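Residues per chain, in single letters:
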Amino acid sequence: MSPRRRRSSRGAIAAAFAGCSRQKRAAFIPFLVAGDPSLEATPDLLRALVAGGADVIELGIAFSDPIADGPTIQRASNRALAAGSSLSAVLGIVERQREELGVPIVLFTYYNPVHARGVATFAAQAADSGVDGVLCVDLPPDEGLRELQPALSERDVDSIYLIAATSTKARIDRAAAASNGFVYYAARSDVTGERDDLIPTLEREVKRVRRRVRLPVAVGFGISTPEQVEEVARVAHGVVVGSSLVRLVEENAAEPDLAARLERRVGQLTAPLRR
Amino acid sequence: MTSRDRVRTPLSAAAMEPDEGGRYGVYGGRYAPETLMAPLEELSRAWDRLRRKRAFQRRLRHLLEHYVGRPTPLYFAERLTEHLGGARIYLKREDLLHTGAHKINNALGQVLLAKEMGKTRIIAETGAGQHGVATATAAALLGLDCVVYMGEEDMRRQRLNVYRMQLLGAEVAAVDAGSRTLKDAINEAFRDWVASFADTHYVLGTVTGPEPYPRMVRQFHSVIGSEARRQLKRQTGAADPDVAIACVGGGSNAMGLFSAFLDRPDVLLVGVEAGGRGPDLGDHAARFSGGTLGVLHGARTLVLQDEEGQVVGTHSVSAGLDYPAVGPEHVFLHEHGQIEFTSATDREAIEGFHLLSAMEGILPALESAHAIAEVTKRAPGMDPDQVIMVNLSGRGDKDVESVLEYDAAPGVE
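This is a predicted model, so every value here is computed, not measured.

A. Highlighting the pattern of salt bridges. Across all of its chains, the model carries 51 salt bridges over all chains by this definition. Between Arg25 of chain A and Asp55 of chain A there is a salt bridge, with its nearest N and O atoms 2.9 Å apart. Of this pair, Arg25 of chain A sits in the loop between α1 (12–22) and β1 (27–33) while Asp55 of chain A sits in the loop between α2 (42–52) and β2 (57–60), and the two are 30 residues apart along the sequence. Both residues of the pair, Arg25 of chain A and Asp55 of chain A, belong to the buried class. When salt bridges with common partners are traced through the structure, they connect Asp142, Arg171 and Arg174 of chain A together with Glu34 and Glu41 of chain B into a single cluster.

What follows is the structure, encoded as structure tokens:
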């Protein structure tokens, strides 16, 4: 048997950002918890994200103890776990769908499911499945550079690290050095969730990060309306929307046209980027 | 006393120190969301500054003596010794401390530290309620606001402690996520802290969590072991027991006792985990028999989890031991042959509770009753000139209702 060839070449994330940049717009990066409300529903929801205008997809791995997440994503994690979601199941979904979707997929996960599998095994399976990047919420570059980044790098899977408002210059540099594809700026010192307003200093904060980082900077945490997307897109290379989409899935889980509703919502969120 | 056998080869002091990243060998570390990394670095720096500062240590010692009630007695349990017919049993009476458990040593230390750091608000998690009560007490004493996160299931089991915390001026925040026990309370405390660290200190209640918590909490409890050694020497002429026993949830009372004996080759150190209803995953909290290496609550350590890395539910009759992970230093010391781990079932712990109550007139906390259960297994096989020292980490008043419930309908094992 010939060795399996990795289907998405390294650089798919960089290419996606470059493509957006040529169109002089920010990338739109929606987040969903894989397996919420069911593993069967996920493929259609991912298609809806792409149809609505996703440039990169952040696919959340449900975890029993999501310490960085607010109530909305906690509930989604619980639903996904109850529905049998797991890292194995999600890798299967990516393997079946990555090519069809045509946009890079970043796994957004807590470290323990990755650790439990063994980082080398995980990196190999992620690469084989077509995963383009991995972000572990509770794995700072201090630990990640030693433990995970080399294994991912060997398999040509991008490592993405978080930068926070509390990150010192040294920490920003460390996250940037450990990342490829893009860095993720957490716009709020808080758990994930929707908020009425963006923080007033966001523009200054993002610029502070952009001055030190060569990679594209995506901004997330607390962004949920088209107006907020538009505002963030003025200063960032990418805009991440999570909780509000997760809430839409929650509120419409029983509706037969759930995927269509999601696509419509993503379309509304991406509209300001296409003007 | 007869000459003793060497029971282990201690590690050098340097080998036992965590590295800069808070790692004990491959355990420990600082696995936290980026937002918390700067606050954790700030905490490490503040702790390293203050632990060497005489004024801070003096203030803490003063409060421990005049407010908390240190030193606690080391008590020779004569009737229990006679009853079991073997080793002489000494109880380190942490149950006699203000608020009823060892937890106040750490809570007071951390709240003092928080005050020095200029924080005005304290948060904590609690399982059995002892750490919550201790933290609420320290916050009241030092005039800081306090919120304690507690799982709903634990609030039911420990409703008197809930009211105690409220009487002390703390807000008790119910956690209805997950298993509604200690681990979920810790999750919720971290979530609070991510948004509140500017004015808030998180008083983590055991020797786990990200650096610097394991070493800081251990240091605050090390007074248990250093006192006990001095006291045993005074009472028997020899400072080292043959065996030192402590229950292990996160492992703070055990680390406090064991820290004084880690460099003593002839002291056998035994940690007792919650065996719960039995050995099936989900029925116990025995990480050393059922756990695998994982990362939870900021530390790499043994975790009760499934193959997909999802943390599984635990069970123990004792809320304070009902936790799926254990302090990383324990795992490191176990790997190097320094600490032995065993477990006691719910039933054995309840029997230990009854035995100590009837024999010595001391109601132990159900957590500490697990250590008593190990004493009953071990003492009869030892010589009368040998000594077992056991950390009676807390008192059992809070558990009377749980024991009553258990005795009315004993669990199946």
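There's more to say after this.
B. View of the sheet that holds strand β10 (residues 268–276) of chain B. All names here are of chain B. Taken in spatial order, the 6 strands of this open sheet run β3-β4-β14-β9-β10-β13, and their pairing is mixed. Every interior strand has two partners, whereas the edge strands, β3 (74–76) and β13 (339–345), have only one. Shown here is a sheet whose adjacent strand axes are inclined to one another by a mean of 25°, direction ignored. Where strand β9 (residues 243–247) lies against strand β14 (residues 387–392), 3 bridges are found, and the strand directions are parallel. Considered in β14, the bridge of Ile245 is made with Val390. In the packing of helix α15 (residues 366–378) onto the sheet, the strands contacted are β4 (88–93), β9, β10, β13 and β14, and the crossing angle to β9 comes to about 145°.

C. Looking closely at the packing of aromatic side chains. Applying the stated criterion across every chain yields a total of 14 aromatic pairs over all chains. Aromatic side chains Tyr184 of chain A and Phe221 of chain A sit 6.0 Å apart centroid to centroid with 85° between the ring planes, which places their arrangement in the edge-to-face category. Linking Tyr184 of chain A in strand β7 (residues 183–186) with Phe221 of chain A in the loop between β8 (217–220) and α11 (226–233), this pair joins segments that are 37 residues apart in sequence. Taken individually, Tyr184 of chain A and Phe221 of chain A each receive the classification buried, so the pair is uniform in this respect. It is Arg88 of chain B that lies over the ring of Phe76 of chain B; its NZ or CZ is 4.4 Å from the centre.

D. Expanded view of the interface of chain B and chain A. Taken together, the contacts link 34 residues of chain B with 38 residues of chain A. Roughly 2,900 Å² of surface becomes buried between chain B and chain A when both sides are summed, with 50% attributable to carbon and sulfur atoms. Broken down residue by residue, the surface that chain B buries against chain A is led by Glu34, Arg191 and Glu308 of chain B, which jointly contribute 26%. Connecting chain B to chain A are 5 salt bridges. For Lys183 of chain B, the salt bridge is made with Asp65 of chain A, and the minimal N-O distance between the two is 2.8 Å. At the surface where chain B touches chain A, the tally comes to 23 residue pairs in polar contact (both at pLDDT 80 or more).

E. A look at the environment of Arg234 of chain B. Residue and element names in this part refer to chain B. Inspection of the secondary structure puts Arg234 in helix α10 (residues 213–236). Judged by relative accessible area, which is 65%, Arg234 ranks as exposed. Considering only alpha carbons, one finds Arg234 and Asp199, 35 residues apart in sequence, at a separation of 45 Å.

F. Structural detail: helix α8 (residues 159–167) of chain B. Residues and elements named next belong to chain B. Looking only at α8, the buried set comprises Asn161, Val162 and Met165. Projection of α8 onto a plane perpendicular to its axis shows the buried side chains occupying an angular sector of 110°, all on one side. Structural note: α8 exposes Arg159, Leu160 and Leu167 on the side pointing more than 90 degrees away from its buried face. Summarising the contacts, the buried residues of α8 are in contact with β5 (121–126), α6 (130–142), β6 (145–151), α7 (152–157) and β7 (171–175). Directly beyond the C-terminal end of α8, a positive phi value near 95° is found at Gly169.

G. Inspection of the side chain of Arg300 of chain B at higher detail. Summarising the element assignment, Arg300 of chain B is placed in strand β12 (residues 299–303). No salt bridge is formed by the buried Arg300 of chain B, whose closest oppositely charged neighbour, Glu147 of chain A, lies at an N-O distance of 4.3 Å. Excluding residues within four positions of it along the chain, Arg300 of chain B makes contact with His115 and Glu147 of chain A together with Val26, Tyr27, Gly28, Tyr31, Leu293, Gly294, Val295 and Pro328 of chain B.

H. Representation of the pairing of strand β8 (residues 200–203) of chain B. Residues and elements named next belong to chain B. Burial along β8 is two-sided: Thr200 and Tyr202 facing one way and His201 and Val203 facing the other are all buried. Of the pairings in the sheet, the one linking β5 to β8 comprises 4 bridges and is parallel in character. The residue of β8 that forms the bridge with Ile123 is Tyr202.

I. Structural detail: the confidence of the model for chain A. Looking at chain A, pLDDT values average 94 and 96% of them are 70 or higher. Per-residue pLDDT stays below 50 along residues 1–8 of chain A; that stretch engages in 15 contacts with residues further than four places along the chain or on separate chains.

J. View of the nonpolar core. Core analysis: the biggest nonpolar cluster contains 94 residues, and Phe182 and Tyr184 of chain A together with Leu113 and Tyr202 of chain B have the highest contact counts within it. For Tyr202 of chain B, the contacting residues outside a window of four places in its chain are Gln110, Ile123, Ala124, Glu125, Ile186, Ala189, Phe190, Trp193 and Tyr213 of chain B. Counting 69 residues, the second-largest nonpolar core is a separate cluster that includes Val103, Leu107, Val157 and Leu245 of chain A.

K. Region of the structure containing the packing of helix α9 (residues 169–178) of chain A against helix α10 (residues 202–212) of chain A. All names here are of chain A. Where α9 meets α10, the closest approach of the two axes is 10 Å, and the angle between their N-to-C directions is 60°. In terms of orientation, α9 and α10 fall into the oblique class. Crossing angle aside, the handedness with which α9 passes α10 is right-handed. Contact residues: Lys169, Ile172 and Asp173 in α9; Arg208, Val209 and Arg212 in α10. In terms of residue class, the contact of α9 with α10 is built from 2 nonpolar, no polar and 4 charged.

L. Highlighting the confidence of the model for chain B. This prediction gives chain B a mean pLDDT of 95; 98% of its residues lie at or above 70. With a pTM of 0.96, the predicted complex shows an ipTM of 0.94.

M. The arrangement of the sheet that holds strand β3 (residues 105–109) of chain A in detail. All names here are of chain A. Overall, parallel pairing links the 9 strands, which are arranged β5-β4-β3-β2-β1-β9-β8-β7-β6 in an open sheet. Because the sheet does not close on itself, it has two edges, and the strands there are β5 (158–159) and β6 (162–164). Looking at chain direction, β7 and β8 are connected through 4 bridges and run parallel. Paired with Tyr185 across the strands is Val219, a residue of β8. Against the sheet, α2 touches β1 and β2, its axis set at about 155° to β2. In this fold α9 packs onto β5, β6 and β7, with an angle of close to 165° to the strand it touches most, β6.

So, how was this worked out
Residues numbered from 1 in each chain as written. Chains lettered and ligands numbered in written order. Predicted model: local features only at pLDDT ≥ 70, side-chain atom pairs only at ≥ 80, totals over all residues. Heavy atoms only, no water. Salt bridge = Lys/Arg side-chain N within 4 Å of Asp/Glu carboxyl O. Helix = DSSP H or I, 4+ residues; strand = E, 2+ residues; numbered from the N terminus. Buried < 20%, exposed > 50% of the residue type's maximum accessible area, 1.4 Å probe, protein only. Pairing = 2+ DSSP bridges. Axes fitted to C-alpha atoms, helices over the stretch in contact; angles between N-to-C directions. Contact = heavy atoms within 4.5 Å. Phe/Tyr/Trp six-rings, centres within 6.5 Å; stacked < 30°, edge-to-face > 60°. Lys NZ or Arg CZ within 6 Å of the ring centre and 35° of its normal. Buried area = accessible area lost by both parts, 1.4 Å probe. Polar contact = N/O pair within 3.5 Å; in protein donor to acceptor, adjacent residues only side chain to side chain. Arc of directions from axis to C-beta. Lys, Arg positive; Asp, Glu negative; His and termini not counted. pLDDT = per-residue confidence, 0-100. Core = buried A, V, L, I, M, F, W, Y, C linked by side-chain atoms within 4.5 Å. Parallel < 35°, antiparallel > 145°, perpendicular 65-115°, else oblique. Left-handed = near helix turned anticlockwise from the far one by under 90°. Nonpolar A, V, L, I, M, F, W, Y, C, P; charged D, E, K, R; others polar.

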